[in-house]
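Architecture at a glance
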2 protein chains.
Amino acid sequence: MQPIRLGLVGYGKIAQDQHVPAINANPGFVLVSVATQGQPCAGVENFKSLSELLENGPPVDAIAFCTPPQGRFALVQQAIAAGKHVLVEKPPCATLGEAMALVSQAQQQGVTGFFAWHSRYAPGIEAARDWLSTRTLQSVQIDWKEDVRKWHPGQAWIWQPGGLGVFDPGINALSIVTHLLPLPLFVESADLRVPNNCQSPMAASIKMSDPQRLDVRAEFDFDHGHDELWSIEIRCAEGVLRLDNGGAVLSIDEVRQTVSQEGEYAAVYRHFQQLIGDKASDLDLQPLRLVADSFFVGSRTLVEPFYD
Amino acid sequence: MQPIRLGLVGYGKIAQDQHVPAINANPGFVLVSVATQGQPCAGVENFKSLSELLENGPPVDAIAFCTPPQGRFALVQQAIAAGKHVLVEKPPCATLGEAMALVSQAQQQGVTGFFAWHSRYAPGIEAARDWLSTRTLQSVQIDWKEDVRKWHPGQAWIWQPGGLGVFDPGINALSIVTHLLPLPLFVESADLRVPNNCQSPMAASIKMSDPQRLDVRAEFDFDHGHDELWSIEIRCAEGVLRLDNGGAVLSIDEVRQTVSQEGEYAAVYRHFQQLIGDKASDLDLQPLRLVADSFFVGSRTLVEPFYD
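Residues numbered from 1 in each chain as written. Chains lettered and ligands numbered in written order. Predicted model: local features only at pLDDT ≥ 70, side-chain atom pairs only at ≥ 80, totals over all residues. Heavy atoms only, no water.

Residues and elements named next belong to chain B. Orientation of helix α5 (residues 125-132) relative to helix α7 (residues 167-180), taken along the N-to-C sense of each, is 35°, at an axis distance of 9 Å. The element α5 and its partner α7 pack so that their crossing is right-handed. On α7, the residues touching Ile 125, Glu 126, Ala 128, Arg 129 and Leu 132 of α5 are Ile 176, His 179 and Leu 180. Residue composition of the contact of α5 with α7, grouped by class: 5 nonpolar, 1 polar and 2 charged. (Axes fitted to C-alpha atoms, helices over the stretch in contact; angles between N-to-C directions. Helix = DSSP H or I, 4+ residues; strand = E, 2+ residues; numbered from the N terminus. Left-handed = near helix turned anticlockwise from the far one by under 90°. Contact = heavy atoms within 4.5 Å. Nonpolar A, V, L, I, M, F, W, Y, C, P; charged D, E, K, R; others polar.)

This part is about the sheet that holds strand β12 (residues 239-244) of chain B. All names here are of chain B. Reading across from one edge, β14-β13-β12-β11-β7-β10-β9-β8-β15 is the order of the 9 strands in this open sheet, with mixed pairing throughout. Single-partner strands in this sheet number two, and they are β14 (255-256) and β15 (299-303). With 6 bridges joining them, strand β9 (residues 203-209) and strand β10 (residues 215-221) adopt antiparallel strand pairing. Opposite Ile 206, over in β10, you have Ala 218 as the bridge partner. Docked against the sheet, α7 engages β7 (137-145), β8 (186-195), β9, β10, β11 (229-236) and β12, running at close to 160° with respect to β7. (Pairing = 2+ DSSP bridges.)

Now for the pairing of strand β12 (residues 239-244) of chain A. If a strand is regular, its side chains alternate between the two faces of the sheet. Residues and elements named next belong to chain A. Here 5 bridges tie strand β11 (residues 229-236) to β12, and the two strands are oriented antiparallel to one another. By the bridge assignment, Arg 235 is partnered in β12 with Val 240. Between β11 and β12, which pair antiparallel in sequence order, lie 2 residues. As judged from the 4 bridges shared by β12 and strand β13 (residues 249-252), these two strands associate in the antiparallel manner. Looking at β13, one finds that Arg 242 is bridged to Ser 251. If you look at the hairpin formed by β12 and β13, you'll find 4 residues sitting between the two strands, and Asn 245 has a positive phi there, around 50°.

Residues and elements named next belong to chain A. Here we have 6 strands laid out as an open sheet, ordered β3-β2-β1-β4-β5-β6, and parallel in their pairing. Every interior strand has two partners, whereas the edge strands, β3 (45-47) and β6 (113-116), have only one. For this sheet, the mean angle separating the axes of adjacent strands, direction not counted, is 25°. Two strands pair when backbone bridges link them, and strand β2 (residues 29-35) and β3 are joined in this way by 3 bridges, in the parallel orientation. Paired with Ser 33 across the two strands is Glu 45, which belongs to β3. Packed onto the sheet, helix α1 (residues 13-24) meets β1 (4-9), β2 and β5 (85-89) and runs at close to 175° relative to β1.

Taken from the UniProt record, the annotation "domain: Gfo/Idh/MocA-like oxidoreductase N-terminal" (unreviewed entry) applies to residues 4-112 of chain A. The distance from the first to the last C-alpha atom of residues 4-112 of chain A is 12 Å, and the span holds 39% helix and 23% strand. (UniProt positions renumbered as here; feature names shortened; annotations may be inferred.)

Superposing chain A onto chain B takes a rotation of 180° plus a shift of 0.0 Å along the axis, which leaves an RMSD of 0.0 Å. Each copy turns onto its partner about a two-fold axis. Same-surface contact between copies: 100% of interface residues of chain A are shared with the interface of chain B. (Least-squares fit on C-alpha atoms with pLDDT ≥ 70 in both.)

Take a look at the structure:
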């Protein structure tokens, strides 16, 4: 089978750190072109826009989107209309409506769409899901805390309308929890702490539930001076499951478990390849819906200004 | 056929002004009980809670929900779990997640669910829909402006988290437009003006679009001192359609058209009766999604405080 010819749009931090190394390590793909307005990607043809890539570049079968979520919708729409399979970094779009429109469009066009919730591919997740599948759930506590200055230096779009603020990392936790739990979650209340010179929250406390009234709580903090804390603790009648380091480490009753050796983005691209082969899509809206509902129902408190 | 035995929860302004008169005028229904914490409803059995109504009241087939949207989810869930058909006033829930959970639950339980977007039953709407169905759409302008002190006196829940502020009337316009247009809408940007002592906007400007890039704009204002303005103007290649008075008046190229003589809530209950007879549901999430996305992607500006 010929490798899938891939174009990539938005050669920023996540593309450089994760996507391109994962693509290059997977013989099922060949990266043939990049559209970016910043520094070019070595070893492939570079273009200033997706339009130029599609019109003037070598043929591609699929496009990976790594631009910020605002403005991404029109680009993904253009790629699907051109019959390309699409992999879309998280969060997939700036609004639920845009994301739902892409779901419909991909279905109508018959291409593979993939909203790549990369944290679902962290090494401990599948083992956690297996263990949980036969347990009786009692409560879930998410703590997702990091220093925005360390992890998102100069990324002003995070604080603008349509940017997610602390939900940009927090949606990773939500993507994991919704993948682990059997029933859909919904937001009961949210307390959003918003810097008075920004549109998006610096910190948030969220109370969620499911149709069986499972108690799910999340603490998100983007101004966390210590080492980052990316943990999910799920209490069950039979014991306590804990994910640390964003899902890389799995413990059950404080005993560390054996987990997958595959990297997150390696697994992301393996899954994308599988979806294309199966002519299937994986376009889960639930993490984005939880964020939209947190903004919708949330109570806002203004806090001190943020300067990068 | 026996009339449908109906219970009603939340005997406030909308129940007194609209629901109970419409129910009493429709021989297909008989109102047998009311659960309310305020003044009782004359001529039927009154209870302090839905639980008491279900446990101690006369048997009912269906429940109409007229309480504020915050806290309504658990009540509707309880009614569906008890096998009752449910009519839910707009907005159906405080979050999209709750509304989606009710859609699933009604489907699983096999009862009729109806998110009653009452403005879709305004007299001019069906004639407008018919006319539009063969026209080429160009743009849509919504102006929905009223005095909150006149229309929502003392309704503090509107300004609290999960309350919609000016989107409480505005969602009526959104429910009409989404009913009239052939394709789903999504929010591109929203400018929200929020009183600095409230959580919800007093005014909003929203830019929407559909997959064919239709230009849809809305101006919502809750601090409109003049007579209320509830209008929707839809420009087509073939002419201009205009709805005024919240959909009661329909004009095409400034010529007033003949419209239905039936009142909004009379039509709402006729539709509910039909759904129950057909064992069908009508649970459209789109208006609520547009509001959630406006809060999600919206840019907030603090404005002067609001005092009722």
